[in-house]
Amino acid sequence: MTTLTMSGGKTSILPRRGGFFGLMSNTFWRHPKLLLFLMLTPPLLWLGIIYIGSLIALLLQSFFSIDDFSGLVNYEFTLSTYAQLLSPTNFDIIMRTVVMAALVTVAAALIAFPIAYYAARYAQGKWKAFFYLGVMLPLWSSYLVKIYAWKLILAKEGILTWIFEKLHLSWLLDGILNLPVVGGNSLSVSYLGTFIVFVYIWLPYMILPTQAALERVPGNLIEASADLGATPRQTFRAVLLPLALPGIVAGSIFTFSLTLGDYIIPQIVGSSRLFIGQAVYAQQGTAGNVPLAAAFSIVPIVIMALYLSLAKRMGAFDAL
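Residues numbered from 1 in each chain as written. Predicted model: local features only at pLDDT ≥ 70, side-chain atom pairs only at ≥ 80, totals over all residues. Heavy atoms only, no water.

1. Observations regarding the overall build of the protein
Here is step 1: When its secondary structure is counted, the protein shows 14 helices and 4 strands.
Here is step 2: Relative to a compact globule of 320 residues, whose C-alpha radius of gyration would be 20 Å, the protein shows 27 Å and is clearly more extended.
Here is step 3: Taken over the C-alpha atoms alone, the protein extends approximately 90 × 70 × 35 Å along its principal axes.
Here is step 4: For the protein, with 320 residues in total, the buried portion stands at 34%.
Here is step 5: A separation threshold of at least 6 residues defines the contact pool for the protein, and within that pool the share at least 24 residues apart is 66%.
Here is step 6: Total accessible area on the protein is roughly 19,600 Å²; 70% of this is exposed by carbon and sulfur atoms.
Here is step 7: Averaging the positions of the 19 positive and the 12 negative side-chain charges in the protein gives two centres separated by 18 Å. (Helix = DSSP H or I, 4+ residues; strand = E, 2+ residues; numbered from the N terminus. Rg over C-alpha atoms; globule rule 2.2 N^0.38 Å. Buried < 20%, exposed > 50% of the residue type's maximum accessible area, 1.4 Å probe, protein only. Contact = heavy atoms within 4.5 Å. Areas by Shrake-Rupley, 256 points an atom, 1.4 Å probe, with all protein chains shown as cover. Lys, Arg positive; Asp, Glu negative; His and termini not counted. Charge placed at Lys NZ, Arg CZ, Asp CG, Glu CD.)

2. Here's the deal with the layout of surface pockets
Here is step 1: Approximately 220 Å³ is the volume attributed to the largest pocket.
Here is step 2: Taken together, Arg96, Val99, Met100, Leu103, Val181, Val182, Tyr191, Leu192 and Phe195 form the lining of the largest pocket.
Here is step 3: In the lining of the largest pocket, the residues fall into 8 nonpolar, no polar and 1 charged. (1 Å grid on protein atoms, 1.4 Å probe; cavity = no way out; pocket = protein on both sides within 12 Å on 5 of 7 lines; lining within 4 Å. Points joined across faces, edges and corners; volume = space filled by probe spheres on them. Nonpolar A, V, L, I, M, F, W, Y, C, P; charged D, E, K, R; others polar.)

3. Let's talk about the packing of aromatic side chains
A ring pair, where both rings are aromatic, is described by two values, the distance of the centres and the angle of the planes.
Here is step 1: All told, the structure shown has 16 aromatic pairs when counted by the stated rule.
Here is step 2: When the centroid spacing of 5.5 Å and the interplanar angle of 50 degrees are considered together, the rings of Phe63 and Tyr82 count as tilted. Separated by 19 residues along the polypeptide, Phe63 in the loop between helix H2 (32-61) and strand E3 (65-66) and Tyr82 in helix H3 (residues 80-84) bring together distant segments of the chain.
Here is step 3: When its relative accessible area of 21% is taken as the criterion, Tyr82 is described as partly exposed.
Here is step 4: Ring pairs connect the aromatic residues Phe113, Tyr117, Tyr118, Tyr122 and Phe236, which therefore count as one cluster. (Phe/Tyr/Trp six-rings, centres within 6.5 Å; stacked < 30°, edge-to-face > 60°.)

4. Examining the environment of His168
Here is step 1: Tracing the backbone through its elements, the reader meets His168 in the loop between helix H7 (159-166) and helix H8 (170-177).
Here is step 2: Here His168 falls in the exposed class, since its relative accessible area comes to 66%.
Here is step 3: His168 sits 45 residues away from Ala213 along the chain, and the two C-alpha atoms are 42 Å apart.

5. Some points on helix H5 (residues 126-140)
Here is step 1: Counted at 1.5 Å a residue, the expected span for H5 with its 15 residues is 21 Å, and the 20 Å between its end C-alpha atoms agrees.
Here is step 2: Taken as a whole, H5 carries its principal kink of about 25 degrees at Gly134; the proline Pro138 stands between one and four residues after it. (Expected span 1.5 Å × (residues − 1). Bend = angle between axes of the 7 residues up to and from the residue.)

Printed below as a string of structure tokens:
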């Protein structure tokens, strides 16, 4: 029998539960920390062994080097592998990836903000549901299918070229393709094409946090700003943008990090110049230079660690 003290000093006699499950229930009731420990141990072990363990193994590999003569890994501590990242070719890969990630993030924020603002301030009822459906629907289709679909759209014989021809704007498309940095034979083999696909793929991850942040902005603050004589531009700059900024930064965590580590989109749409993800794949798979691949892998981890620390100071984690 189990005796429980109730309010008013009265006691209640409850029958003790029998069997194995009854014993467990009584034990966990007496020792709640034991239940918490048992619940958290499996995911923490999984996180510690599979994720953190693999990162540590990757970090250790980056301090080794490859023997140029035999092609075997030399298991002696050295920083020469990291020095290789500063070579013109490898450093160009890093800068190309970081610049692309930054441009995709800025473009996604500019496109997402008006969409999110309309959904947060004006969409009601079925239109709100339509907004969520429109934003989430692209995420339900296959990642590879979307990329290959964009490759067909951006191809020289694709629908985008056909539209430019029908609008008699082929000269404009040719001028864009002739640009020395972003152009190519067609949009499907240019940096501009890679940029367009990146923005399309990651745009929902920017819209949703921004929309959630804008919904938390009190409407009376905007009305008060107008009553005090502020112009719409001043209201946006002094009231709306600072309050929505944590949501924008939260969305940028997704767009920036996902662009930084992706290797499939540049592999299918874009030029032959490598990004960090492609360099890791090439060094580990084709060249067999595991230490250099590990050193390349550490670069996005370091960049994102710095980026997340900055985002935390801006309150981005509260908007996730």
